[in-house]
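What follows is each chain in one-letter form.
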Amino acid sequence: GAYNEILGAATLAKENLDVVHTTSPMSRIPVSYRGKTIVTVNNVAAFKLPEVFPKLSVMKNKTILKFMVGKADKVIAVSQSIKKDLQDTFACPEGKIDVIYSGFDKRFSDVSSVAREKVLEKYGIGDNKYMLFLGTLEPAKNISRLLEAFKIFKEKKGGYKLVLAGKNGWLAAEYKQLAKDLGIEKDVVFTGYVVGDEIVSLFSQADFFVMPSLYEGFGTTVLEAFATGTPAIVSNVSSVPEIAGDAAELVNPLDVQNIADAMLKLAADENLKQTLREKGKKQIEKFNWEKCAHETLAVYKSFEKK
């Protein structure tokens, strides 16, 4: 409460820091702290797409984000899309925001050491071809339309499974029921939360990746797909086209038929998949943590007395 906040401000002041950088607005800087501050903003979903999140978390996130963006001396946005959202939502001045792309885990670039068959066996995928989704199972990820699109796909093309890898989020129970209602539950694999090397393995063996999100602040999973050489279908909203460049098949996430058509297109076209693999490898060169660190250091140094 208030006591902790005062204590926090006093502790920070005593440290006599040149700059305090919080890498998420949810890690709040005390109101009364007067030193130089930077906040990294990874998404503005509470303002851009409030209807797909629980009301209480939207109210809390909006309040904290508004406070932190106002309080910070500098804001780091993880994409141009976030920068634009901050300018539109908070009238945040241009000079206050620096865009610095995040990196991705380098182990996704090395798929050679992964125990492949074990993972396919563990999740009951077997020898089937499959398309992969990775992320929290929640409305923002557009899971309902993904399942509906997969049903349309299945009516035209057999032999594929849809693997939904990720932890259960808000309303997740509804997706298993929807798969049953659509009559596709035998071909939909819910893995639950997946860790480390298993994710690399699931990516590297997928025929393609599909991420029709309604909102992404950055979209690390797209880069992970590219790094493992997995062609991707992604939505044409928020930061996704910026991160994916020309290396993925873009779809309108609100158009189920459009998503299904992209699935059918990729499943049928080996040349297209190969082209996307090559473009994906080029695209990921723009994103690495070393570059991110150098650019972040430059923001710190901008506070040095001239």
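Per chain, residue numbering runs from 1 following the sequence as it is written. In keeping with the predicted nature of the model, local features appear solely for residues at pLDDT of at least 70, side-chain atom pairs appear and are counted solely at 80 or more, and the whole-chain, interface and lining totals rest on all residues. Working from all heavy atoms in the structure, the side-chain values ignore hydrogens and water.

Draft legend 1. Looking closely at the sheet that holds strand β8 (residues 208-211). The six strands lie next to each other as β7-β6-β5-β8-β9-β10, forming an open sheet whose pairing is parallel. Where the open sheet ends on each side, the last strands, each with one partner, are β7 (188-192) and β10 (249-251). Averaged over all neighbouring strand pairs, the angle between strand axes comes to 25 degrees, with direction disregarded. When DSSP finds two or more bridges between a pair of strands, those strands are recorded as paired. Put simply, DSSP marks the helices as runs of H or I at least four residues long and the strands as runs of E at least two long, and each gets a number from the N terminus on. Here six bridges tie strand β5 (residues 129-134) to strand β6 (residues 160-165), and the two strands are oriented parallel to one another. When the sheet's bridge partners are listed, Leu134 is paired in β6 with Ala165. It only takes one pair of heavy atoms within 4.5 Å for two residues to be counted as in contact. Axis lines are fitted through C-alpha atoms, for helices just across the contact stretch, and the angle between N-to-C directions can take any value from 0 to 180 degrees. Helix α8 (residues 196-205) contacts β5, β6 and β8 of the sheet and is inclined by roughly 135 degrees relative to β5.

Draft legend 2. Region of interest: the nonpolar core. If you look at the biggest cluster of nonpolar residues, it comprises 62 residues, and the most contacted ones within it are Val41, Leu86, Leu132 and Phe226. Residue contributions to this core peak at five residues, all from helix α9 (residues 220-227). Once you skip the residues sitting within four places of it in the chain, Leu132 turns out to touch Val163, Ala165, Leu202, Phe203, Ala206, Phe208, Phe209 and Val210. We define a nonpolar core as any set of buried Ala, Val, Leu, Ile, Met, Phe, Trp, Tyr and Cys residues linked to one another through side-chain atoms lying within 4.5 Å. For each residue, the accessible area found with a 1.4 Å probe, counting protein chains only, is set against the maximum for its type, and the residue is called buried under 20%, exposed over 50%, and partly exposed in between. Counting residues in hydrophobic clusters, the runner-up holds 33 residues, among them Phe150, Leu162, Phe208 and Leu266.

Draft legend 3. Examining the sheet that holds strand β3 (residues 74-77) more closely. Strand order in the open sheet made by the four strands is β1-β2-β3-β4, with parallel pairing throughout. Here the strands that pair on one side only, and so sit at the sheet edges, are β1 (20-22) and β4 (97-99). Direction aside, the axes of adjacent strands within the sheet are offset by 20 degrees on average. Alignment of β3 against β4, held across three bridges, turns out to be parallel. Within β4, the position partnered with Ile76 by the bridge is Asp98. Across the sheet, helix α13 (residues 289-301) touches β1, β2 (37-41), β3 and β4, and the angle it forms with β3 is around 170 degrees.

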